[in-house]
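Close look at the chain arrangement
What follows is each chain in one-letter form.
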Amino acid sequence: QVQLVESGGGSVQPGGSLRLSCTASGNIFSIYTMYWYRQAPGKQRELVARITRGGSTDYAESVKGRFTISRDNAKKTVDLQMNSLKPEDTAVYYCYAEIIIWGTDAPTGYWGQGTQVTVSS
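Now for a quick tour of the structure. This is a predicted model, so every value here is computed, not measured.

Things to note about the nonpolar core
Among the nonpolar cores identified, the biggest contains 32 residues, and W36, L80, M82, Y93 and I99 are the most heavily contacted of them. Contributing elements (two or more residues each) for this core: strand 1 (2-7), strand 3 (18-26), strand 4 (28-39), strand 5 (46-51), strand 7 (67-72), strand 8 (77-82), strand 9 (91-101) and strand 11 (115-119). In this structure, M82 is in contact with G16, S17, L18, L20, R66, F67, Y93 and V117, ignoring residues within four places of it in sequence.

Some points on the state of the cysteines
Scanning the model with the defined rule gives 1 disulfide in all. Note on cysteine connectivity: C22 is disulfide-linked to C95, with sulfurs 2.2 Å apart. Disulfide C22-C95: torsion about the S-S bond near -80°, hence left-handed. Highlighted residues: C22 in strand 3 and C95 in strand 9, separated in sequence by 73 residues.

Some remarks on the pairing of strand 5
Inspection of the sheet shows strand 4 paired to strand 5 by 5 bridges, in the antiparallel sense. Within strand 5, the residue paired with W36 across the bridge is A49. Between strand 4 and strand 5, which follow one another and run antiparallel, lie 6 residues, and G42 among them has a positive phi close to 75°. Relative to strand 6 (residues 57-59), strand 5 runs antiparallel, the two sharing 3 bridges. Residue pairing across strands places I51 opposite T57, the latter belonging to strand 6. Between strand 5 and strand 6, which pair antiparallel one after the other, the connecting turn spans 5 residues, and G55 there sits at a positive phi close to 100°.

Topic: the sheet that holds strand 8
Read across the open sheet, the 4 strands follow the order 1-3-8-7; overall the sheet is antiparallel. Every other strand in the sheet has two partners, leaving strand 1 and strand 7 as the edge strands with one partner each. Averaged over all adjacent pairs, the angle separating strand axes in this sheet is 15°, with direction ignored. The sheet contact formed by strand 3 and strand 8 spans 6 bridges and is antiparallel. Each bridged residue has a counterpart across the sheet, and for T23 the counterpart in strand 8 is T77.

Some thoughts on the environment of S121
Mapped onto the secondary structure, S121 falls in the segment after strand 11. C-alpha separation for the pair S121 and P87, spaced 34 residues apart in sequence, amounts to 8.5 Å.

Some remarks on the side chain of E6
Looking at where E6 falls in the secondary structure, it is placed in strand 1. We note that E6 is buried and unpaired, the nearest opposite charge coming from R45 at a distance of 7.7 Å. A distance of 2.7 Å separates the side chain of E6 from the backbone nitrogen of C95, its partner in a polar contact. Engagement of the side chain of E6 in a polar contact is seen with the backbone nitrogen of G114, the distance being 2.9 Å. Residues in contact with E6, not counting those within four places in the same chain, are S21, C22, W36, Y93, Y94, C95, G112, Q113, G114 and T115.

Some remarks on the packing of aromatic side chains
Aromatic ring pairs: the centre-centre distance and the angle between the two ring planes describe each pair. In the structure shown here, the tally under the stated rule is 7 aromatic pairs. Pairing F29 with W102 gives two aromatic rings, centres 4.7 Å apart and planes at 75°, and the pair type is edge-to-face. With F29 in strand 4 and W102 in the loop between strand 9 and strand 10 (108-111), this pair connects stretches of sequence that are 73 residues apart. With relative accessibility at 48%, the residue F29 sits in the partly exposed group. Of the residues examined, W102 reaches a relative accessible area of 53% and is grouped as exposed.

Thresholds, definitions, all that
Residues numbered from 1 in each chain as written. Predicted model: local features only at pLDDT ≥ 70, side-chain atom pairs only at ≥ 80, totals over all residues. Heavy atoms only, no water. Core = buried A, V, L, I, M, F, W, Y, C linked by side-chain atoms within 4.5 Å. Buried < 20%, exposed > 50% of the residue type's maximum accessible area, 1.4 Å probe, protein only. Helix = DSSP H or I, 4+ residues; strand = E, 2+ residues; numbered from the N terminus. Contact = heavy atoms within 4.5 Å. Disulfide = S-S within 2.5 Å. Pairing = 2+ DSSP bridges. Axes fitted to C-alpha atoms, helices over the stretch in contact; angles between N-to-C directions. Lys, Arg positive; Asp, Glu negative; His and termini not counted. Salt bridge = Lys/Arg side-chain N within 4 Å of Asp/Glu carboxyl O. Polar contact = N/O pair within 3.5 Å; in protein donor to acceptor, adjacent residues only side chain to side chain. Phe/Tyr/Trp six-rings, centres within 6.5 Å; stacked < 30°, edge-to-face > 60°.

Shown next, in the form of structure tokens:
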């Protein structure tokens, strides 16, 4: 009933930039907080950034000042602008959102399929 589709991943040299996008679709009544997570090989999935419906944001310490999360409520999208990328940012990046579907009154969490980001010289 709900799909989250990420785009924008790829390969970039250290110091470069990438912009990830995630679009939600389906039987959606409302979207609460939207998140970006990442998972590097052999490591646990970690929170990168989150943004509330009202636009309040939080970031992992490792990305503060380099990454910016934003959303468009009308388009049901969340973006992650990543600047000054480092090799340690290499990971699969996942979109996650708390969504209320029509006919229910409590949010359910949904994951995207992930998009690979590789930072290497």
